[in-house]
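Here's the letter readout for the chains.
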Amino acid sequence: MAGNDWINSYLEAILDVGPGLDDAKSSLLLRERGRFSPTRYFVDNVIGFDETDLHRSWVKAQATRSPQERNTRLENMCWRIWNLARQKKQLENEEASRVAKRRIEREKGRREAVADMSEDLSEGERGETISDVSVHGDSHRGRLPRMSSIDAMEAWANQQKGKKLYIVLISLHGLIRGENMELGRDSDTGGQVKYVVELARALASMPGVYRVDLLTRQVACPEVDSSYGEPTEMLASHNSDDMTDEIGESSGAYIIRIPFGPKEKYIAKELLWPHIPEFVDGALSHIMQMSKVLGEQLGGGQPVWPIAIHGHYADAGDSAARLSGALNVPMLFTGHSLGRDKLEQLLRQGRSTKDEINATYKIMRRIEAEESSLDASEVVITSTRQEIDEQWRLYDGFDPVLEKKLRARIRRNVSCYGRFMPRMVVIPPGMEFNHIVPHDGDMDGETEGGEEHQRSPDPPIWTEIMRFFTNPRKPMILALARPDPKKNLTTLVKAFGECRPLRELANLTLIMGNRDNIDEMSSTSASMLLSIIKMIDKYDLYGQVAYPKHHKQNEVPDIYRLAAKTKGVFINPAFIEPFGLTLIEAAAYGLPMVATKNGGPVDIHRVLDNGLLIDPHDQQSIADALLKLVADKQLWAKCRANGLRNIHLFSWTEHCKTYLSRIASCKPRHPGWLKNDEDDDENSESDSPSDSLRDMQDISLNLKFSMDSEERNNKLENAVLSYSKSGGKNPQRTVSGDKNEQLKFPAIRRRTHIFVIAIDADDTGSLFENVQKIFTAVEDEKNDGSIGFILATSLQMAQIHSFLVSKGVNPSVFDAYICNSGADLYYSSSHSEDNPFVSDLYYHSHIEYRWGGEGLRKTLVKWASSIIDKKATNKNEEHVVTEDEEVSTNYCYAFNVHKPGLGRAPPVKELRKLMRIQALRCHVIYCQNGKKINVIPVSASRSQALRYLYLRWGMELSKVVVFVGESGDTDYEGFLGGVHKAVVLKGVGGGTTNPLHANRVYPLSDVTPTESTNIIHTTEEFGAADIRASLGKLGVLKA
């Protein structure tokens, strides 16, 4: 617990009042433990466990004068601490159980994945030589390819000339602007804000990069500065060595602010989740417009699509995954901090249950976003190896051992049977060093050549620090950290206080944030600071330790310079340091370092070689390292020189070079219908020569459909299925009928509004009933062609056609059909009754990224056969899940769930988890009220298909109205957000009682935009008039 000094007094009190706690009246705890050692008990079981209320109880006990009352209070505290210890033990057991379960699941999945891959493991899969590529795609030593000279950098820059790359970065939360960043204004506006802005600047200055867009949220409200409401902000380069020669009308780095979420309100990142789809739609619109603009400037009229989309943090990762899927371009991801790691830490503290933690932090939605980012990412960028080894390995979607095996197979050109793993790459954050001039003097004299220059006044912060010291000329040991137990400052002060030689040789400066009044600080920070002050008093360190109350962000460089001027040392004694940017900053000013051996400092030390690593738990180790550097001037000088010589390896230029080389290793992807050849566009209705139905392929259904003939129905289904399964990737350009008619665009381009019917039900009768109500509500608009219709369903195309024919509905009444939960896309064709549908074959190439194909299907079939109902009396009924081969297609593997009402099938999250553990990337959807399971490509869904239609045909999403029930398939939430409007039909889809949503990863309420004006609910017993009234409230039609 923060500030454990009071425990020493408590232990002394227990010993002092021993006679008052006689054997006859002592607690059960003391009696049962026999030879009870309070000191050992506290050290082993209590210290480190946070319980601030217990501290307050001790303060009361300490102030009690009556021995009897004091004894009673102490006795009660013994019981309370005993219960705390039991609770801690229980939490430890639960954590051990979770770790064991995760390990068993991981090992089982790994064994099954290896077994499915037919070839025996080679030596390359068992282990790799040092010179080979490591587990995560980087060699252990040469993790960062370095520029050793200016000539080498110029040579590399010349290689990049001619490239004109467009890169998109996304960072959603916090307040982001290019100048005067309000870092620390709130918990969302921290180091990540500075990092993404500097990254955008640095990338835009690199050769070959034409434009960088940093997408974030537009915040226009009285609470914040008006600059955060500006749609666009150009980022001026701070690098005097800007290497780019790409100067154009739209070149450079820009902050693009997309409006989404509550208007005129700044909200925390935990509340952004329901509004992510709205951001994705707005970002998609911006990227499309910018790609066309860049195409006119650079691409000869062809759109210039982003070379990569890079998401920062879980919310932006989720957004980037959707944008990457919608645009079919590579995705990169940086987690910054990870949800599973935070959840584990919070559970270990024991103050909140998992549900309580999720209610506060929306932690399960965050974790699922990080898992989705792993599914979609080509490259995951981390700052340190520790982040990979200790944090990412907690996720279902990343297994270092399995990743190693897959990389070995890829190098040997051996099939991975549909398995994919993102490449983990360590690229430390960059820094700008051009403005830094290391101090070469000391406290006794000015820098070399000082006589030629007028002495500048000392910075005010120097006076503020040096007033603490009796002898300010002694070397300064500098620690820069907030007063947090994890930063381990109390151990540092104790090490300094108990090492007399160190005290005689050096001063200690603690920069612990800003404070006005200790009583106004958080309880943890206040307790920490009070502990440090008590230690200063205990060891009589007055005149030797500085702890100023205030400093400005722009004064931090002056603090580093002061420490370097005294020939001091910078120390980071944190128990675990994820990266350690302050170590790099200090090295840039000529300060040697002493740092924890846990985490990022290990990587930094390996590169800079400018100090010593210590065990943060070992007080003597800290004192010895500091004393060694302060006392040995030759060692100090050597460490300083090493740091200054190697610091350029952490420059933004180095960071961006490695970054761009990783992007270059990704296979380029872009929308599949783009062509480089010149097409005849004289009959086109658009500037784009390829946007016509000649890119489609007719499905010839040369049958007269009748529900009276089962044989004909089978022929129909077989005809459609055989075509779907052939699914050619290169469209045939043969056309039939009138050429001008065949080259027309889908009707959705000519509509004023598009109504998407996405009502989920296992009963096609109720679906038809609701479709008829919608048609009746807009009969006039339907007849004049101003409204078009799209059917989005989990059904297969043949099932849809049978359904339409049986109800006497003309297939052409719908402009498009999103089938198989988003795995297939068809358009209606009116030129022939025998050819009612055409399939968008480019849609398959658009969504096939990381599709596991036959390897995935075999794993799913094996999984299905393992789901057995042991209580089944009939052996034929013991299989709960079976493959539906007749309905399955190349991009949708369908399974039947028998008697879903009995709850025998595992929930969707379990199957999704199993696939991720085996490195199979897919989108698992439970549909038709649990009767069916559709497994489709990871980037496919019904809501993503709408974005494809916008990208492909210009169907404005703001003109789309989606009709859904109160609940639906497990992809139902995709329709609840975005710039489109939604009408929720009350009483349809089972509502909140739908069993498909009873065992979700996170509550549906976490992603439902309850205050959105784009969503409206009908009355319970709704009719056509109610639907029209709802559309009137949305501003779509006149009621």
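Residues numbered from 1 in each chain as written. Predicted model: local features only at pLDDT ≥ 70, side-chain atom pairs only at ≥ 80, totals over all residues. Heavy atoms only, no water.

Looking at an unreviewed UniProt entry, one finds the protein chain named Sucrose-phosphate synthase and attributed to Deinandra increscens subsp. villosa. Under the UniProt heading Pathway (unreviewed entry), the note attached to the protein chain is "Glycan biosynthesis; sucrose biosynthesis; sucrose from D-fructose 6-phosphate and UDP-alpha-D-glucose: step 1/2." The UniProt entry for the protein chain carries the following comment under Subunit (unreviewed entry): "Homodimer or homotetramer." (UniProt positions renumbered as here; feature names shortened; annotations may be inferred.)

K.L.:
So, the sheet that holds strand E3 (residues 232-235): which residues are in play, and what are the values?
P.N.:
Taken in spatial order, the eight strands of this open sheet run E3-E4-E2-E1-E5-E6-E7-E8, and their pairing is mixed. Each edge of the sheet is formed by a strand with only one pairing partner; in this case those strands are E3 and strand E8 (423-426). The mean angle between the axes of side-by-side strands here comes to 20 degrees, regardless of whether they run parallel or antiparallel. Strand direction decides the pairing type here: E3 and strand E4 (residues 252-258), joined by four bridges, are antiparallel. Its bridge partner lying in E4, Met234 is registered against Tyr254. (Pairing = 2+ DSSP bridges. Helix = DSSP H or I, 4+ residues; strand = E, 2+ residues; numbered from the N terminus. Axes fitted to C-alpha atoms, helices over the stretch in contact; angles between N-to-C directions.)

K.L.:
Pulling in residues and values, what's your account of the side chain of Asp318?
P.N.:
Residue position: Asp318 is located in helix H10 (residues 313-327). Taking relative accessible area as the criterion, Asp318 reaches 5% and is therefore assigned buried. Side chain to side chain, Asp318 and Arg365 meet in a polar contact 3.2 Å long. Ignoring anything within four residues of it in the chain, the contact list for Asp318 reads Trp273, Ile276, Arg365, Ala369, Ser372 and Ser373. (Buried < 20%, exposed > 50% of the residue type's maximum accessible area, 1.4 Å probe, protein only. Polar contact = N/O pair within 3.5 Å; in protein donor to acceptor, adjacent residues only side chain to side chain. Contact = heavy atoms within 4.5 Å.)

K.L.:
An account of the confidence of the model for the protein chain is requested, with residue identities and associated values reported.
P.N.:
Per-chain confidence: the protein chain averages 81 in pLDDT, with 78% of residues scoring 70 or above. Ignoring residues within four places in sequence, the model shows residues 14-35, a span with pLDDT below 50, making 25 contacts including any to other chains. Confidence drops under a pLDDT of 50 for residues 447-453, and excluding neighbours within four residues, the segment shows three contacts in the predicted structure. (pLDDT = per-residue confidence, 0-100.)

K.L.:
I'd like to hear about the environment of Ala595, residue by residue, with values.
P.N.:
With respect to the secondary-structure elements, Ala595 resides in strand E13 (residues 593-596). As for Ala595 and Phe570, which are separated by 25 residues in sequence, their C-alpha atoms are 8.3 Å apart.

K.L.:
Describe the packing of aromatic side chains, with residues and values.
P.N.:
Going through the model one piece at a time under the given rule, you end up with 19 aromatic pairs. Taken together, a centroid distance of 6.2 Å and an interplanar angle of 80 degrees make the contact between Phe768 and Phe803 edge-to-face. Of this pair, Phe768 sits in helix H28 (residues 764-777) while Phe803 is found in helix H30 (residues 797-806), placing the two residues 35 residues apart along the sequence. Neither Phe768 nor Phe803 differs from the other in exposure class; each is buried. Three or more aromatic residues joined by ring pairs make a cluster, and in this case those are Phe755, Phe775, Phe789, Phe814, Tyr817, Phe837 and Phe963. (Phe/Tyr/Trp six-rings, centres within 6.5 Å; stacked < 30°, edge-to-face > 60°.)

K.L.:
An account of the pairing of strand E6 (residues 331-334) is needed here, citing residue identities and associated values.
P.N.:
Of the two faces of E6, the one lined by Met331 and Phe333 and the one lined by Leu332 and Thr334 are each fully buried. The sheet contact formed by strand E5 (residues 308-312) and E6 spans four bridges and is parallel. Along E6, the bridge assignment pairs Gly311 with Phe333. In the classification by handedness, the crossover that spans E5, the intervening H10 and the parallel E6 is right-handed. Note: E6 against strand E7 (residues 379-382), two bridges, orientation parallel. Residue pairing across strands places Leu332 opposite Val379, the latter belonging to E7. (Right-handed = clockwise from strand over helix to strand, strands pointing away.)

K.L.:
Let's hear about the pattern of salt bridges: which residues, and what values?
P.N.:
This structure, assessed with the given rule, holds 43 salt bridges. Measuring nitrogen to oxygen at the nearest pair gives 2.9 Å for the salt bridge that ties Arg916 to Glu368. A residue pair is termed long-range when its members are at least 10 positions apart, and Arg916 in helix H33 (residues 908-917) and Glu368 in helix H13 (residues 363-376) qualify at 548 residues. A relative accessible area of 7% places Arg916 in the buried class. Between Asp815 and Arg751 there is a salt bridge whose closest N-O contact spans 2.8 Å. (Salt bridge = Lys/Arg side-chain N within 4 Å of Asp/Glu carboxyl O.)

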